[in-house]
Amino acid sequence: MKSSNRGFSLVELIIVIAIMAILSAAIAPALIRYINKSRKADDIAAADTIGTTLNAAITSDEDLYDFIMIATSSTGNNLNDSQIRNGWIRVIGYCNTPRNRYDMKFHAINTAGVTADQKKSFEDGMNEYLGTGIPRLKFYLFDYLDEWIICADRDGKLYVYIGSGMNDDRYHMKPKTQGGRPCINNANRYCYQVWPEVDPAYNKLNTPKEAKSN
């Protein structure tokens, strides 16, 4: 007696594969958006932890507070009169996420009016308070969105940005109210405030690559 069972024909297999390909193409963009939205949410939550921790640190540690006040008030910090009037804020330091390292440490920006020893003491103090609380960025793009950036205004209020390119004493941030996404001395660098408020332009990013084109 012949068995009635038989496998798929070649045509049937091709049809099934084609259907799977079409479904995958339709689902993949939505899945990528969902994953990136989740990564942004994780980074925003991490920014809240970083900002809250450092805010508590400068409130309780007079040396850290004094360093920030010197850094933001120094006449040698390259802010012009217009920027000062419009509330530009000073980059205090950054925590980078480069390709070839996994330890996240706070690095202070060079500031007129403070010595190398004072800068080193400030870095050590910030890292002591942060401990292991500096996570690697998840919504990440090397050279564009790869650093936590810590800023302060002239009253000592802290801000956390995500961006890149913080490596000397030239950098300052435009307030979020002046268009967000400040480009600091380099048209290819993009920075977004994520604490205490989140820049709407950051929330609108579907992928990190969009930071280059927005």
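Quick look at the structure, then.

### Some points on helix H1 (residues 10-60)
Here is step 1: Taking 1.5 Å as the rise per residue, H1 with 51 residues should run 75 Å; its terminal C-alpha atoms sit 73 Å apart, in good agreement.
Here is step 2: Where H1 bends most, the angle comes to about 30°, and this point is Ile 27, followed within four residues by the proline Pro 29.
Here is step 3: Turning to H1, its buried residues are Asn 36, Lys 40, Asp 43, Ala 46, Ala 47, Ile 50, Gly 51, Leu 54, Ala 57 and Ile 58.
Here is step 4: Contact partners of the buried residues in H1: helix H2 (62-73), helix H4 (116-130), strand E3 (147-152), strand E4 (158-163), strand E6 (192-195) and helix H5 (200-203).

### Overview of the packing of aromatic side chains
Here is step 1: As enumerated under the stated definition, the model contains 4 aromatic pairs in all.
Here is step 2: On the numbers, 4.0 Å between centres and 10° between planes, the contact of Phe 67 with Phe 122 is stacked. Here Phe 67 is found in helix H2, whereas its partner Phe 122 is found in helix H4, with 55 residues between them in sequence.
Here is step 3: For the ring pair Phe 139 and Tyr 202, a centre distance of 5.9 Å and an interplane angle of 85° mean the geometry is edge-to-face. You can see Phe 139 sitting in the loop between H4 and E3 and its partner Tyr 202 sitting in helix H5, a full 63 residues away along the chain.

### Focus: the packing of H1 against H4
Here is step 1: It is the contact of H1 with H4, at a shortest axis distance of 9 Å, that shows an interaxial angle of 125°. The angle between H1 and H4 falls in the class oblique. With respect to the hand of their crossing, H1 and H4 are arranged in right-handed fashion. On H4, the residues touching Ile 50, Thr 53, Leu 54, Ala 57 and Ser 60 of H1 are Met 126, Tyr 129 and Leu 130.
Here is step 2: Classifying every residue of the contact of H1 with H4 gives 6 nonpolar, 2 polar and no charged.

### Notes on H4
Here is step 1: Here H4 contains 15 residues, and its C-alpha end-to-end distance of 21 Å stays within 8% of the 21 Å for a straight helix at 1.5 Å per residue.
Here is step 2: Of all the positions in H4, only Phe 122, Glu 123, Gly 125, Met 126 and Leu 130 are classed as buried. Buried residues in H4, looked at end-on, bunch into an arc of 165°, giving them a common side. The exposed residues of H4 that point more than 90 degrees off its buried face are Ala 116, Asp 117 and Glu 128.
Here is step 3: Packing partners of the buried residues in H4 comprise H1, H2, strand E1 (89-96) and strand E2 (107-108).
Here is step 4: Gly 131 lies just past H4 and shows a positive phi near 55°.

### Regarding the nonpolar core
Here is step 1: Within the largest apolar cluster, 39 residues are counted, with the highest numbers of intra-cluster contacts made by Phe 106, Phe 122, Leu 145, Trp 148, Leu 158, Val 160 and Tyr 192.
Here is step 2: Those elements that place two or more of their residues in this core are H1, H2, E1, H4, E3, E4, E6 and H5.
Here is step 3: In terms of residue count, H1 provides more of this core than any other element does, 6 residues in total.
Here is step 4: The residues contacting Phe 106, other than those within four sequence positions of it, are Ile 92, Gly 93, Tyr 94, Cys 95, Phe 122, Glu 123, Met 126, Asn 127, Leu 130, Ile 134 and Ile 150.
Here is step 5: Within the second largest apolar cluster, 12 residues are counted, among which are Ile 89, Tyr 94, Met 166 and Cys 191.

What counts and how
- Here, residues in each chain are numbered from 1, in the same order as that chain's written sequence.
- Local features are withheld for residues below a pLDDT of 70 in this predicted model, meaning they are given only at 70 or higher, and side-chain atom pairs are given and counted only at 80 or more; totals for whole chains, interfaces and linings count all residues.
- In computing side-chain properties, one takes all heavy atoms of the structure into account and sets aside hydrogens as well as water.
- Only DSSP runs of H or I reaching four residues or more are called helices, and only runs of E reaching two or more are called strands; each is numbered from the N terminus.
- Helix span is expected to be 1.5 Å times the residue number reduced by one.
- Working definition for bend: take the seven residues up to and ending at a residue and the seven starting at it, fit an axis to each, and measure the angle between the axes.
- For every residue, the accessible area (1.4 Å probe, protein chains only) is compared with the maximum for its type, and the residue is labelled buried under 20%, exposed over 50%, or partly exposed between those bounds.
- Only heavy atoms enter the contact rule, under which two residues are in contact if any of them lie within 4.5 Å.
- Note on aromatic pairs: the rings of Phe, Tyr and Trp (six-membered ring only in Trp) are paired at centre separations within 6.5 Å, and the planes decide the class, stacked below 30 degrees, edge-to-face beyond 60, tilted for the rest.
- Note on geometry: axes are C-alpha line fits, over the in-contact stretch for helices, and angles between N-to-C directions span 0 to 180 degrees.
- Note on angle classes: values under 35 degrees are labelled roughly parallel, values over 145 roughly antiparallel, values of 65 to 115 roughly perpendicular, and the remainder oblique.
- Should the near helix be turned anticlockwise from the far one by less than a right angle, the crossing is termed left-handed; should it be turned clockwise, right-handed.
- Amino acids outside the nonpolar list (Ala, Val, Leu, Ile, Met, Phe, Trp, Tyr, Cys, Pro) and the charged list (Asp, Glu, Lys, Arg) are all regarded as polar, and Gly is one of them.
- Taking the helix axis as origin, the arc is that swept by the directions to the C-beta atoms.
- Throughout, nonpolar core names a set of buried Ala, Val, Leu, Ile, Met, Phe, Trp, Tyr and Cys residues whose side chains join them through atoms within 4.5 Å.

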